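# A closer look at the structure
This is what each chain is made of:
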Amino acid sequence: MAVHSIAATPSLRSPSHHLPHPRHFPSGYCPFPHRPSPTRLNLRSIECTSQNASIVGSTTKRSTVDYESTGGSAWYDVYKAISKEANSGVGPLGVLDEFTGRDKWPEKLELTKVIKALRKSFKARIALQVCEWMNEKTDVYSITSGDRAIQLDLIAKVHGVSAAEDYFLRIPDAEKDNKIYGSLLNTYVSAKMKDKAENLREKARSLGIADSGLQYTAMIILYMKYKDYDKAESLISELRQKKLEFNFYVYNMWLSCRAAQGSIEDMEEVFEIMTSDSAVAPHWTTFSIMATAYIRALQLEKAKGCLKSLEACIVRREKKPYHYLLSLYASVGEKAEVHRVWSSYKLLFSTLTTWSYKAMISALNRLRDSEVEKVYEEWLASKQPHDIDVTNQLMSWHIKQGSFEKAKTLFYQIIEMGRKPNPSTWYIVAKGHVQEGNISEALSCLKEAALITESQRSTWKPNPTIIAALVKQIKRDADESGKDVLISLLKQFGCLDDKSYLSELSKKGVQIVGEDFHMVKSEVIADADYDDGGTQRDMEMEESEQLFSGIK
């Protein structure tokens, strides 16, 4: 691994008293040669940040949404009422007006919990309506900069960056603190607007409000998105030296940064530092990050150890870790573990959501397990709101099974239902056409995907695998027209300006020079299914939510 700017910081790289004995290392790796050979750590013995953690398999029933322990259910009554009427003529504002009309004004704490729950459910539009309603009632509620920061973040999600900038400008300068600057900064980071993010950061620095963990983490995420790991590590070093908030989330980013550079040993070094920090304990997401890194490095036994540790950190009222467990156990090929976790999940929660079914169907799809059709039927029977990504997963499974006709039948069914395909839907149909050698039909499907990404200003891109397959057939048939169409599509998707994408395409055996394709020796790399069900988009949204989890 290349030497990073952080290497000059003795407190982070050199052996010192704050590093634990090597026995605390998950892999048994010893970074310092003078130490004795370590023994393998039982990761499950590590204390997690989650209190009342329990191993998956407990059969205690929990309510569907009880992740906000409040000592009362008033906020949840408001949440349920708003969720129920969200798409009716009443709407969320009508629900709130009804409460106030009965002289039952919700407490501010209740409303903030409602907004938080809506954000966690990716219901940004509804959350924004509630947030705006509350923030306008300055004669009733004491509105803080944190409330304004959350509103700015929601405006960006619902109406875009420009609308968020307009809102920022309307806030009096005297009220703009590190939270509000941090919120706009996160908006720029989410949109990968590097120049605007750096300029805003410098302005905050000139005002003396840049030394916040929120702004540091936003910039670290930005540089990691651009794969500028030296700058990311430099900021982590600076954050540590200034003794600002260095919580488990910052450690997680540090672990991700090391893992992204392909160094398992350096990632493990960070984990050792983390476990020696008495102020921080690993979170379930810590083990999810490490398990993912081990899977990519094909160190599956270490990955499985991390998954057991992840289980030990789960708080029963949290659903999200179970979704990760399903995905990660599928990635290591543990079919029995996937079914065990799913059975425990259904016992723990009285009602399953679309997110639950999506996680399980995605896992079964990855395992090529025929149970995927049964779970899909269960989802349909549950009368959950339709989610195109769930149908995408089943379509993808049929394609993998060589049943393109079944995939097309599903596609026509959703069209007849009035549902709108997303880019991944068209990608999956294109994949089926490629398998059958129908290049013109495959390109037509990708054109539809490109139109959607342009209209939604999406960053979605087709998996390089299908592009490599298309190029191979176009080259075989000397199809100049097809080549021109594909080059044009790659421009529309923004692939030609994406160095990371071009690198992945090269690994698949294709290089683009000017307006032409060149076949090169490919690497044998397992394909990810991120584009078959919206998983990548969901993860990016979750990343933003986690960044703002500390705003009060």
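Because the structure is predicted, anything quoted here is derived from the model rather than measured.

Glancing now at the overall build of the chain. Per the secondary structure count, the chain includes 27 helices and two strands. Expressed as a percentage of the 552 residues in the chain, the buried residues total 51%. For the chain, the accessible surface area stands at approximately 25500 Å², while carbon and sulfur atoms represent 50% of it.

Enumeration over the complete set of coordinates arrives at 20 aromatic pairs. With centroids separated by 5.9 Å and ring planes inclined at 85 degrees, the aromatic side chains of Tyr322 and Phe349 adopt a geometry described as edge-to-face. In this pair, Tyr322 sits in helix H16 (residues 320-331) while Phe349 sits in the loop between helix H17 (335-348) and helix H18 (354-367), placing the two residues 27 residues apart along the sequence. Judged by relative accessible area, which is 1%, Phe349 ranks as buried. An angle of 50 degrees between the planes, with centres 5.1 Å apart, marks the rings of Tyr345 and Phe349 as tilted. On the accessibility criterion, Tyr345 (0% relative accessible area) is buried. Here Lys192 stacks its cationic end above the ring of Tyr226, 5.2 Å away from the centre of that ring. Cation over ring: Arg201 sits above Tyr216, and NZ or CZ is 4.5 Å from the ring centre.

On to unusual backbone geometry, then. Residue Lys227 is not a glycine yet carries a positive backbone phi of 60 degrees. Mapped onto the elements, Lys227 comes out in the loop between helix H10 (213-225) and helix H11 (229-241). Even without a glycine there, the phi angle at Lys383 is positive, about 60 degrees. Within the element layout of this structure, Lys383 appears in the loop between helix H19 (371-381) and helix H20 (388-400). Its relative accessible area of 71% is what places Lys383 among the exposed residues.

On to the packing of helix H6 (residues 145-159) against helix H7 (residues 161-170), then. In the contact formed by H6 and H7, the axes pass within 7 Å of each other and the chain directions differ by 155 degrees. Looking at the two axes, H6 sits roughly antiparallel to H7. Handedness of the crossing formed by H6 with H7: right-handed. In this structure, H6 uses Arg148, Gln151, Leu152, Ile155, Ala156 and His159 to contact H7, whose residues at the interface are Val161, Ala163, Ala164, Tyr167 and Phe168. Residue composition of the contact of H6 with H7, by class: eight nonpolar, two polar and one charged.

A word on helix H9 (residues 194-206). Since the α-helix packs 3.6 residues into each turn, any two residues three or four apart lie on the same face. Over its 13 residues, H9 runs 18 Å from end to end, which matches the ideal 18 Å to within 8%, given 1.5 Å per residue. Of all the residues in H9, the buried ones are Ala197, Leu200, Arg201 and Ala204. Here the buried residues of H9 occupy an arc of 105 degrees about the axis, which is enough to place them on one side. Away from its buried face by more than 90 degrees, H9 exposes Asp195, Asn199 and Ser206. At its buried positions, H9 is contacted by helix H8 (178-190) and H10. Directly after H9, the chain includes Gly208, whose backbone phi takes a positive value near 75 degrees.

Glancing now at the pattern of salt bridges. Summed over all chains, the structure comprises 26 salt bridges. The partner of Glu202 in a salt bridge is Arg205, with the nearest N and O atoms 3.5 Å apart. With Glu202 and Arg205 both in helix H9, this residue pair falls three residues apart, about one helical turn. Residue classification places Arg205 among the partly exposed residues on the basis of a relative accessible area of 36%. Here Asp211 and Lys242 are joined by a salt bridge, their closest N and O atoms 3.0 Å apart. Taken together, the residues span a long stretch of sequence, with Asp211 in the loop between H9 and H10 and Lys242 in the loop between H11 and helix H12 (248-260) at a distance of 31 residues.

What follows concerns the side chain of Glu337. One can find Glu337 in helix H17. Overall, Glu337 belongs to the buried group, its relative accessible area being 16%. A polar contact is formed between the side chain of Glu337 and the side chain of Arg340, at a distance of 2.8 Å. Excluding anything up to four places from it in sequence, Glu337 contacts Lys308, Glu311 and Tyr329.

It is worth spelling out the side chain of Lys108 at this point. Mapped onto the elements, Lys108 comes out in helix H4 (residues 108-120). Of note is the side chain of Lys108, whose polar atom sits 2.6 Å from the side chain of Asp147. In this view, Lys108 contacts Met134, Tyr141, Ser142, Ile143, Thr144 and Asp147; residues no more than four positions away in its chain are not counted.

Viewed as axis vectors pointing N to C, helix H24 (residues 464-477) and helix H26 (residues 499-507) meet at an angle of 55 degrees, and their least axial separation amounts to 9 Å. Between H24 and H26, the crossing angle belongs to the class labelled oblique. Remark: the crossing between H24 and H26 carries right-handed chirality. Of the residues in H26, those in contact with Pro464, Ile467 and Ala468 of H24 are Tyr501, Glu504 and Leu505. The residue inventory of the contact of H24 with H26, partitioned by class, reads five nonpolar, no polar and one charged.

Definitions and cut-offs
- Residues numbered from 1 in each chain as written.
- Predicted model: local features only at pLDDT ≥ 70, side-chain atom pairs only at ≥ 80, totals over all residues.
- Heavy atoms only, no water.
- Helix = DSSP H or I, 4+ residues; strand = E, 2+ residues; numbered from the N terminus.
- Buried < 20%, exposed > 50% of the residue type's maximum accessible area, 1.4 Å probe, protein only.
- Areas by Shrake-Rupley, 256 points an atom, 1.4 Å probe, with all protein chains shown as cover.
- Phe/Tyr/Trp six-rings, centres within 6.5 Å; stacked < 30°, edge-to-face > 60°.
- Lys NZ or Arg CZ within 6 Å of the ring centre and 35° of its normal.
- Axes fitted to C-alpha atoms, helices over the stretch in contact; angles between N-to-C directions.
- Parallel < 35°, antiparallel > 145°, perpendicular 65-115°, else oblique.
- Left-handed = near helix turned anticlockwise from the far one by under 90°.
- Contact = heavy atoms within 4.5 Å.
- Nonpolar A, V, L, I, M, F, W, Y, C, P; charged D, E, K, R; others polar.
- Expected span 1.5 Å × (residues − 1).
- Arc of directions from axis to C-beta.
- Salt bridge = Lys/Arg side-chain N within 4 Å of Asp/Glu carboxyl O.
- Polar contact = N/O pair within 3.5 Å; in protein donor to acceptor, adjacent residues only side chain to side chain.

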